[in-house]
Amino acid sequence: MDMYCGTLNLKYLIGARNVMCECVFCHKEKIITDLVYEDELVMAFMDMEPINEGHILLVPKQHYLDVDEIPDGVLAHLMIVSKKIVTALKEIYHPDGYSIMQNGGEFNDVGHYHLHIFPRYVDDGFGWIYGSEEKAVNSKIAERIRKLL
C-alpha cells in the first residue's frame, strides 16, 4: 500500500526533515501534538490545524487507509471513543453542535484513516461546498447501491 508523504503531514513529526516517506500516524512517539486518549486499538490527539478549538483526530493504531479496510470491531470501537470525545467537548465548550468527518481515498490527506471530531458553532464559517452541477437522486441509483449492500 502506498503511504502519503507530504509537507502537510510531516508537521506532525518531530525532526520531520530527516523522516523518509512513512505513514505519519503510525509513529506515535514522533507525533508532537497533545495526546488526549489512547487504548490498545486507537489514539486521539489535537489537530494542528483546527477548524475550531478542541478539534481532535481519532486514529486506529493499526495502519488503514479507508473505512472498508478496517475490521468491524475496530470501527465500532472508533465510534464508541468518538462518543466519549464528543461528550467531553460538549462539557468543555458548550457548542451549538459538533462534526465527525472522515475523508477517504485520494481525499485522505494523511494516508492513514482518521476521524476529525470538533465542536461547531452557528456562524463558525465551516460548511459543505457544493458544485454547481445538478446531481441525480433517483430509485435507479438507490437500487444499484442496495444490490451491493
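Residues numbered from 1 in each chain as written. Predicted model: local features only at pLDDT ≥ 70, side-chain atom pairs only at ≥ 80, totals over all residues. Heavy atoms only, no water.

(A) Seen up close, helix H3 (residues 139-148). Counting buried positions over the ten residues of H3 gives zero, only a small fraction of the element. Two or three places before lysine 140, at the start of H3, stands the capping residue asparagine 138, its side-chain oxygen 2.9 Å from that residue's backbone nitrogen. (Buried < 20%, exposed > 50% of the residue type's maximum accessible area, 1.4 Å probe, protein only. Helix = DSSP H or I, 4+ residues; strand = E, 2+ residues; numbered from the N terminus. Polar contact = N/O pair within 3.5 Å; in protein donor to acceptor, adjacent residues only side chain to side chain.)

(B) Examining the packing of aromatic side chains more closely. Evaluation of the coordinates by the stated rule reveals two aromatic pairs. Consider the rings of phenylalanine 25 and phenylalanine 45, whose centres lie 5.1 Å apart with planes at 70°: the pair is edge-to-face. Of the two residues, phenylalanine 25 is situated in the loop between helix H1 (7-10) and strand E1 (35-38) and phenylalanine 45 in strand E2 (residues 42-46); the sequence distance between them amounts to 20 residues. Here phenylalanine 25 and phenylalanine 45 have matching classes, each one buried. (Phe/Tyr/Trp six-rings, centres within 6.5 Å; stacked < 30°, edge-to-face > 60°.)

(C) Spotlight on the state of the cysteines. Counting across every chain of the model gives zero disulfides. Summary of cysteine pairing: cysteine 23 is not part of a disulfide, and the nearest cysteine sulfur, belonging to cysteine 26, is at 3.5 Å. With relative accessibility at 1%, the residue cysteine 23 sits in the buried group. By relative accessible area, which is 33% here, cysteine 26 ends up partly exposed. (Disulfide = S-S within 2.5 Å.)

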